[in-house]
Structure formats: structure tokens, C-alpha cells
Amino acid sequence: MAFNKLYQFSILNALMDGVADEGINVSQMLESGDHGLGTFKHMDGEMVVLDGIAYQMRQDGSILVAGPETVVPFAMVTRFQPAHISEVSWSSKDVLDLHISEHLPNARNLFLAIRIDGQFEYITVRTVGKQEYPGEGLVDVGKRQVVRTLSNAKGSLVGFYSPGFSHGLSVAGYHLHFIDDDRRNGGHMLDFKSGNVHISLSPIARVELELPQSSGFNSARLLADAHKIREVEG
């Protein structure tokens, strides 16, 4: 897999429709990237892929290294090679957009791979519980999410910016998952205030999308609206 080429399995709207019982496995996914995020069979927790290792961050707060045969119904990964690196200190996640606009002004309609490493004064994360019945959609699964605010956390934020036209394929805007250096806390990032952190960015202009061929995917409507996506993804 070439550097900074996005590989994505399935689409966000499939999770919104509850299509999460089949997919590729972790071993197959890691052939396409060492940096990324996603979820697991039945949406059992949040996935972060950091330095080529896939971690499963579950609703109960536990973090596991995902085994090679673990099923992945949705993932976005890339072989990450930063094009821009800088050291910053931010008052909120909103400053991220200003930073990218300043340093990568011609990347608004590209995908971006993002990694932020360092100390966070606080970071608020969520983890979802798994589906309670086949076909339960992400909005309902998300109603059982657990939200935690971590103070003075040292770790890494990993993920992507997806341009507006990709709405429904992915989360349009920023989608970042956090894991601390001790591999004890993490989840889908909702908000943060950083101390000194290093941010690494790379524009992505090449995208490979692999769609599921399951009956569940082919019978799904795949028409979730932006409001519902923002409701669950934050």
C-alpha cells in the first residue's frame, strides 16, 4: 500500500443502518495502513490504529489489542507519512481547523490524515456499547455511550478530516480517536484542551473504497441525514 492513500472498508451510512455483523478482519485491514480508526463486529467499542497496532476501546473502559481475526465492519486506514509537523498548544478543538487552514490552505476538499501527540489538559471521549439486536442502528447504539473526561492525559489523537462531499461515506469534518500512552484510557474524541502537542498532517488525494457484499448491506437504505450523523458522532 502506498503512503498516504486512504483505504476505507464500508461506509458510515451502513453503520447508521446497523450493518455491522460482517466485514474484513484486522489482519486484512492492517495490510492497507498503520494509522486509522473504525469499529468492530456489532459496533463493540471504538477502534484506533496507532503505529500499526489496532486497539479495541470498549464501553466498560477496557482496552484490548485486537486479534488478527477480529471482524471489522467499518474502517479507515492509511500508511501515514506526515507532510507537515509542528508543535502547538490549543485552547480547544476548534483551533484545529484554523491551524489546518493556515498550514494546508489548498487541502479543504481533500482528505487529511491527522495525528496529535502530547499532553492534554483535558480530553473528553466516548465509547459505545455493542448492538443489542441485529440491525440496531448507530444512533440507538450511541444512546448507551459512556462519556469520560480525562485530565492531564498524555497520549495520541489519531484520525482524519473528511471533506463535505464525503458525507455519509464517512464523517464529514474531523473524526479522531484518542488513546493514552499507558493504553488504559481512550475513545472517540468529543472535545479537548491541549498542553504542548505535536501535530502531524498529510493530505490524501487517493482513496480506495471497498464495499461489503453482504445481504445486510445490499438491503440497507444507506440514506442517513447529516443531523443524525452529528447527533451520534459529535
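Residues numbered from 1 in each chain as written. Predicted model: local features only at pLDDT ≥ 70, side-chain atom pairs only at ≥ 80, totals over all residues. Heavy atoms only, no water.

In the annotation of an unreviewed UniProt entry, the protein is listed under the name Alpha-acetolactate decarboxylase and assigned to Lipomyces orientalis.

Asker: Sorry, what's going on with the overall build of the protein here?
Answerer: Helix and strand counts for the protein stand at six helices and 14 strands. The C-alpha radius of gyration computed for the protein amounts to 16 Å, which stays within 12% of the reference 17 Å derived for 234 residues, consistent with globular compactness. Taking the principal axes of its C-alpha atoms as reference, the protein extends roughly 45 × 35 × 35 Å. Scored against the burial criterion, the 234 residues of the protein give a buried share of 54%. (Helix = DSSP H or I, 4+ residues; strand = E, 2+ residues; numbered from the N terminus. Rg over C-alpha atoms; globule rule 2.2 N^0.38 Å. Buried < 20%, exposed > 50% of the residue type's maximum accessible area, 1.4 Å probe, protein only.)

Asker: Would you explain a nonpolar patch on the surface in this entry?
Answerer: Residues Leu169, Leu209 and Leu211 make up a contiguous nonpolar surface patch of about 230 Å² in total accessible area. With respect to the helices, strands and loops of the structure, Leu211 is situated in the loop between strand S14 (206-210) and helix H5 (215-219). (Patch = residues over 30% accessible without salt bridge, like charges linked within 9 Å, V, L, I, M, F, W, Y side chains within 5 Å. Areas by Shrake-Rupley, 256 points an atom, 1.4 Å probe, with all protein chains shown as cover. Salt bridge = Lys/Arg side-chain N within 4 Å of Asp/Glu carboxyl O.)

Asker: Is there a simple way to think about the environment of Val158 in this case?
Answerer: With respect to the element layout, Val158 can be found in strand S11 (residues 146-162). Residues Val158 and Asp117, 41 residues apart in the sequence, show an inter-C-alpha distance of 8.8 Å. Once residues within four sequence positions are removed from consideration, Val158 is found in contact with His35, Gly36, Leu37, Val48, Val49, Leu50, Ile114, His175, Leu176 and His177. (Contact = heavy atoms within 4.5 Å.)

Asker: What is the right way to look at the packing of aromatic side chains in this model?
Answerer: Two aromatic rings are characterised by how far apart their centres lie and by the angle between their planes. What the rule picks out here adds up to five aromatic pairs. Ring centres of Trp90 and Phe192 lie 6.3 Å apart, and the angle between their planes is 40°; this geometry places the pair in the tilted category. Within this pair, whereas Trp90 is found in the loop between strand S9 (84-89) and helix H3 (94-103), its partner Phe192 is found in strand S13 (residues 186-204), the two being separated by 102 residues in sequence. Residue classification places Trp90 among the buried residues on the basis of a relative accessible area of 5%. A relative accessible area of 0% means that Phe192 is categorised as buried. Judged by centre distance (6.3 Å) and plane angle (90°), the rings of Phe111 and Phe165 are edge-to-face. Remark: Phe165 occurs in the loop between S11 and strand S12 (173-180) and Phe111 occurs in strand S10 (residues 111-127); sequence separation between them is 54 residues. With a relative accessible area of 8%, Phe111 lands in the buried category. Note on Phe165: relative accessible area 59%, which makes it exposed. Here the aromatic residues Trp90, Phe120, Phe178 and Phe192 are joined through ring pairs into a cluster of three or more. Between Arg79 and the ring centre of Phe3, over which it is positioned, the NZ or CZ distance is 4.1 Å. (Phe/Tyr/Trp six-rings, centres within 6.5 Å; stacked < 30°, edge-to-face > 60°. Lys NZ or Arg CZ within 6 Å of the ring centre and 35° of its normal.)

Asker: How do you make sense of the side chain of Thr39 when you look at a structure like this?
Answerer: When you line up the elements, Thr39 lands in strand S3 (residues 35-39). Among the polar contacts made by the side chain of Thr39, one reaches the main-chain carbonyl oxygen of Gly45 at a distance of 2.8 Å. Discounting chain neighbours no more than four positions away, the residues touching Thr39 are Leu15, Asp44, Gly45, Met47, Val72, Pro73 and Phe74. (Polar contact = N/O pair within 3.5 Å; in protein donor to acceptor, adjacent residues only side chain to side chain.)

Asker: Would you take a moment to explain the sheet that holds strand S8 (residues 74-78) for this structure?
Answerer: Sheet strands pair by backbone hydrogen bonding; their relative direction is either parallel or antiparallel. Here seven strands make up an open sheet; going across it, the order is S6-S5-S4-S3-S8-S1-S14 and the pairing mixed. The open sheet is flanked by strand S6 (63-65) and S14, the only strands paired with a single partner. Each neighbouring strand pair of the sheet contributes to a mean axis angle of 15°, computed without reference to strand direction. Examined bridge by bridge, S3 and strand S4 (residues 46-50) share four bridges and lie antiparallel to one another. Looking across to S4, one finds that Gly38 is bridged to Met47. (Pairing = 2+ DSSP bridges. Axes fitted to C-alpha atoms, helices over the stretch in contact; angles between N-to-C directions.)

Asker: Help me understand the environment of Met29, please; the structure alone is not making it clear to me.
Answerer: Turning to its location among the elements, Met29 is positioned in helix H2 (residues 26-30). In this structure, the C-alpha to C-alpha distance between Met29 and Phe9, residues 20 residues apart in sequence, is 8.4 Å.

Asker: Quick question: what am I supposed to make of the pattern of salt bridges here?
Answerer: It is possible for side chains bearing opposite charge to pair when their charged atoms get close. All chains considered together, the criterion is met by 10 salt bridges. With a closest N to O distance of 2.8 Å, Arg115 and Asp51 form a salt bridge. In this pair, Arg115 sits in strand S10 while Asp51 sits in the loop between S4 and strand S5 (53-57), placing the two residues 64 residues apart along the sequence. Since its relative accessible area comes to 53%, Asp51 is described here as exposed. A single salt-bridge network, built from bridges that share partners, covers Asp51, Arg115 and Asp117.

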